Amino acid sequence: MSKAGDKPQRRIVAENRKARFNYEIIDTFEAGLVLTGTEVKSLREGKANIAESYATEEGGEIWLINSYLPEYLQANRFNHETRRRRKLLLNKREVRKLIGAVQREGMSLIPLKIYFNDRGRAKLELALGKGKKLHDKRETEKKRDWDRQKARLLREKG
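Please read all numbers here as calculations on a predicted model, not as lab measurements.

Draft legend 1. Spotlight on the nonpolar core. Judged by nonpolar contacts, the single largest core of 26 residues is most densely connected at Leu 43, Ile 62, Leu 88, Leu 90, Leu 98, Ile 114 and Leu 126. For this core, the secondary structure elements donating two or more residues are strand E1 (11–15), strand E2 (23–33), strand E4 (61–65), helix H3 (92–105), strand E6 (108–116) and strand E7 (122–131). If sequence neighbours within four positions are ignored, Leu 88 has contacts with Ala 31, Gly 32, Leu 33, Ala 55, Ile 62, Trp 63, Leu 64, Leu 124 and Leu 126.

Draft legend 2. Seen up close, the pattern of salt bridges. Across all of its chains, the model carries twelve salt bridges by this definition. Residue Glu 58 is joined to Arg 85 by a salt bridge in which the shortest nitrogen-to-oxygen separation is 2.6 Å. With a gap of 27 residues between them, Glu 58 in strand E3 (residues 54–58) and Arg 85 in the loop between E4 and strand E5 (86–89) connect regions that are remote in the sequence. The exposure class assigned to Arg 85 is partly exposed, which follows from its relative accessible area of 36%. The partner of Glu 141 in a salt bridge is Arg 144, with the nearest N and O atoms 3.6 Å apart. In this pair, Glu 141 and Arg 144 both sit in helix H4 (residues 134–157), three residues apart, roughly one turn of the helix. Residue class for Glu 141 comes out partly exposed when judged on its relative accessible area of 33%.

Draft legend 3. Just the pairing of E4, in detail. Across the five residues of E4, four count as buried, placing the element largely inside the fold. Bridge count for E3 against E4 is five bridges, and the pairing is antiparallel. The residue of E4 that forms the bridge with Glu 57 is Ile 62. Between E3 and E4, which pair antiparallel and follow one another directly, the connecting turn spans two residues, one of which, Gly 59, has a positive phi of 65°. As defined by bridge partners, E4 adjoins E5 across two bridges and the pair is classed as antiparallel. Among the inter-strand pairings, Trp 63 is bridged to a residue of E5, identified as Lys 87.

Thresholds, definitions, all that
- For every chain, the first residue of the written sequence is number 1, and numbering continues from 1 onward in sequence order.
- With pLDDT at 70 or above as the cut-off, local features in this predicted model cover only qualifying residues; side-chain atom pairs require 80 or more to be listed or tallied, and sums for whole chains, interfaces and linings still use all residues.
- No hydrogens and no water enter the side-chain calculation; it runs on all heavy atoms of the structure.
- Put simply, buried Ala, Val, Leu, Ile, Met, Phe, Trp, Tyr and Cys residues joined by side-chain atoms within 4.5 Å make one nonpolar core.
- Partly exposed residues are those whose accessible area sits between 20% and 50% of the maximum for their type, while under 20% is buried and over 50% is exposed, using a 1.4 Å probe and protein chains only.
- Comment: elements are numbered from the N terminus, with helices defined as DSSP H or I runs of at least four residues and strands as E runs of at least two.
- In what follows, a contact means two residues having at least one pair of non-hydrogen atoms within 4.5 Å.
- We define a salt bridge as a contact between a side-chain nitrogen of Lys or Arg and a carboxyl oxygen of Asp or Glu at a distance within 4 Å.
- Strand pairing is assigned whenever DSSP detects at least two bridges linking the two strands.

As far as function goes, none of this settles anything; it's purely spatial.
What follows is the structure, given as C-alpha cells:
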C-alpha cells in the first residue's frame, strides 16, 4: 500500500554507472522506449546493458544506439536483434531542446538507466551532459575518497 507522499516505485533494469564519472550532467529527461514484445520480456529478466550506448538525433527524432538487450530464450525465431537502434519517445519541446543543445553547445546525450515505472512501462533516464576533462575526473576521485574517509572516521569516533 502506497501513501500519497511516497515516491513512485522504480525497478531499475540497467544502469550506466560510469556516466556520472565521465560526464558533467546538466539536465535529465525521462523518455519512453519503442520496444518489441520480446525486448520487453528480455528487459523484465533484467540482463540489459547500456554501458557503451549513447543517444543521437536523426531526422528530428532521438535514437538510442548500441544498447544491448539479450535475446528472450522462449521466443525462438521471433526474437529481436540484440543491438538494434531503438527510438526514444519524448515531447516535441524536449526533442527541440536536446537537439539544440547537442548542435550548438556540443553536449552529449547519455543514457543513465532503464527502469520500469509504477505503471509497468519501460523508461529510459536520458541525461544532457558535457564530457569531463582528465583533471575534473581526478578531482571527482579525490572528493569521493575524502568523503569515504570522512564517513569512516565519523563511524569510528561516533
